[in-house]
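The chain contents come next:
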Amino acid sequence: GQQLNQSPQSMFIQEGEDVSMNCTSSSIFNTWLWYKQDPGEGPVLLIALYKAGELTSNGRLTAQFGITRKDSFLNISASIPSDVGIYFCAGQLEAGGTSYGKLTFGQGTILTVHP
Amino acid sequence: DAGVIQSPRHEVTEMGQEVTLRCKPISGHNSLFWYRQTMMRGLELLIYFNNNVPIDDSGMPEDRFSAKMPNASFSTLKIQPSEPRDSAVYFCASSPGRPLSGNTIYFGEGSWLTVV
């Protein structure tokens, strides 16, 4: 089955710094998603990407869908303490044939922001 | 609007006991998922229901695990008998339709299970 490699596993940064994390896959996906999980909560969708090459922003967050459809990155600019959490990428195949659009999640990037 | 509601939020149980986790999806959502999260294996899909019918249960670890969705507003995940390696956070999630592009999956706050 598909596997996602997400890196880095963890990051310790100072408030105000920019952050970059990425996911790579051995398989092609039709959709890339980025989720954030706050401590003690469930994951929440941050950004969804639907086309190869697509670059999408959501406030201080920017994500891109790689041209090869096998990778994606997420950037956070000017980090603040509330950015702390675990960030997950997820790849999704189009529904059809034997696929129903199941999500495959990366292992997560743990982000710590020091004030 | 109420999100996905899970209970209990925390449970500590002894090995061999039966554990039942409950989920109420967002009203109107017809897709429901159970995920398990551990440090070692990350987020794993256990089972996916669409219109109360199990579509994909390939992630259910073994016969000790069972899931039901008797109606559109309620689902259970049962572990019997429980083992220490079942300790994890179990998330229920729902979606307004099949997991296609554009159908966001909304997660509950999770049930934190510890089996001692």
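Here the structure is shown first, and the text comes after it.
Calculation criteria
Note that residues are indexed from 1 along each chain, following the sequence as it is written. The lettering of chains begins at A and the numbering of ligands begins at 1, in the order of writing. Per-residue local features of the predicted model are confined to residues with pLDDT of at least 70, and side-chain atom pairs are confined, for both listing and counting, to 80 or more; whole-chain, interface and lining totals are unaffected and use all residues. Hydrogen atoms and water are omitted, and side-chain values are computed over all heavy atoms in the structure. In this description, a nonpolar core means a group of buried Ala, Val, Leu, Ile, Met, Phe, Trp, Tyr and Cys residues linked to one another through side-chain atoms lying within 4.5 Å. Under the scheme applied here, a residue whose accessible area is under 20% of the maximum for its type counts as buried, over 50% as exposed, and between as partly exposed, the area being computed with a 1.4 Å probe on protein chains only. Numbering goes from the N terminus for both helices and strands, where a helix is a DSSP run of H or I of at least four residues and a strand is a run of E of at least two. Note on definitions: a residue-residue contact is assigned when non-hydrogen atoms from the two residues lie within 4.5 Å. Each of two parts loses accessible area, computed with a 1.4 Å probe, when they are put together; buried area is these two losses added. Definition used for salt bridges: Asp or Glu carboxyl oxygen within 4 Å of a side-chain nitrogen of Lys or Arg. Definition of a polar contact: a pair of N or O atoms within 3.5 Å, with one able to donate and the other able to accept a hydrogen when the atoms are protein atoms, and with sequence-neighbouring residues admitted only if both atoms are side-chain atoms. Three classes are used: nonpolar for Ala, Val, Leu, Ile, Met, Phe, Trp, Tyr, Cys and Pro, charged for Asp, Glu, Lys and Arg, and polar for all others, with Gly counted as polar. At least two bridges found by DSSP between two strands is the condition for calling them paired. Orientation is described by lines fitted to C-alpha atoms, with helices fitted over the stretch in contact, and by angles between N-to-C directions that extend from 0 to 180 degrees. Definitions used throughout: a 1 Å grid over protein atoms alone; a cavity as a set of points that fits a 1.4 Å probe which cannot get out; a pocket as an open set with protein on both sides within 12 Å along at least five of seven lines; a lining residue as one with an atom within 4 Å of a point. Grid points are joined across faces, edges and corners, and a volume is the space filled by probe spheres set on the points.

Most often, soluble globular proteins have nonpolar side chains that are buried together. Counting residues in each nonpolar core, the largest one holds 21 residues, and the members touching the most others are Leu32, Trp34, Phe49, Met60, Ala67, Leu77 and Tyr90 of chain B. Those elements that place two or more of their residues in this core are strand E3 (19–24), strand E4 (31–38), strand E5 (42–50), strand E7 (65–71), strand E8 (74–79), strand E9 (88–95) and strand E11 (111–115) of chain B. Those residues in contact with Phe49 of chain B, other than ones at most four positions away along the chain, are Asn30, Ser31, Leu32, Trp34, Pro54, Ile55, Ala67, Lys68, Met69 and Ser75 of chain B. Counting 20 residues, the second-largest nonpolar core is a separate cluster that includes Phe29, Trp34, Cys89 and Val113 of chain A.

Turning our eyes to something else, we now look at the interface of chain A and chain B. Between chain A and chain B, the contact holds 19 residues from the first and 23 residues from the second. Taken as a group, Pro43, Tyr100 and Phe105 of chain A account for 32% of the area that chain A buries against chain B, more than any other trio of residues on that side. At the surface where chain A touches chain B, the tally comes to 1 salt bridge. Put simply, Lys102 of chain A and Asp56 of chain B hold a salt bridge, and the shortest N to O gap is 3.9 Å. Linking chain A with chain B are 3 residue pairs in polar contact (both at pLDDT 80 or more). Of all the secondary-structure elements, those providing two or more residues to the side of chain A that touches chain B are strand E4 (31–37), strand E9 (85–92) and strand E10 (103–105) of chain A. Per element, the largest residue contribution to the side of chain A that touches chain B is 3 residues, and it comes from E4 of chain A. Within the side of chain A that touches chain B, the residues separate by chemical class into 9 nonpolar, 7 polar and 3 charged.

Here the focus is the sheet that holds strand E1 (residues 5–7) of chain B. Residues and elements named next belong to chain B. The strand order across the open sheet built from 4 strands is E1-E3-E8-E7, with neighbouring strands paired in antiparallel fashion. In this open sheet, the two strands that pair with only one neighbour each are E1 and E7. Between one strand and the next, the sheet's axes are offset by a mean angle of 15°, whatever the strand orientation. One ladder, built from 3 bridges, connects E1 with E3; its direction is antiparallel. Counterpart to Ile5 in the pairing with E3 is Lys24.

Once that is clear, we can look at the sheet that holds strand E8 (residues 71–76) of chain A. Residues and elements named next belong to chain A. Judged by pairing direction, the sheet is antiparallel, and its 5 strands sit side by side in the order E1-E3-E8-E7-E6 without closing on themselves. Edge positions in the open sheet fall to strand E1 (4–7) and strand E6 (55–58), since each of these has one partner strand only. Sheet twist, expressed as the average angle between the axes of neighbouring strands with direction ignored, equals 15°. Relative to E8, strand E3 (residues 19–25) is paired through 6 bridges, and the arrangement is antiparallel. When the sheet's bridge partners are listed, Asn22 is paired in E8 with Phe73.

Moving on to the layout of surface pockets. Of the volumes computed, that of the largest pocket is approximately 450 Å³. Counting only elements with at least two residues in the lining of the largest pocket, the list comes to E9 and strand E11 (109–114) of chain A together with E4 of chain B. Looking at which element gives the most residues to the lining of the largest pocket, the answer is E9 of chain A, with 3 residues. Within the lining of the largest pocket, the residues separate by chemical class into 7 nonpolar, 10 polar and 2 charged.

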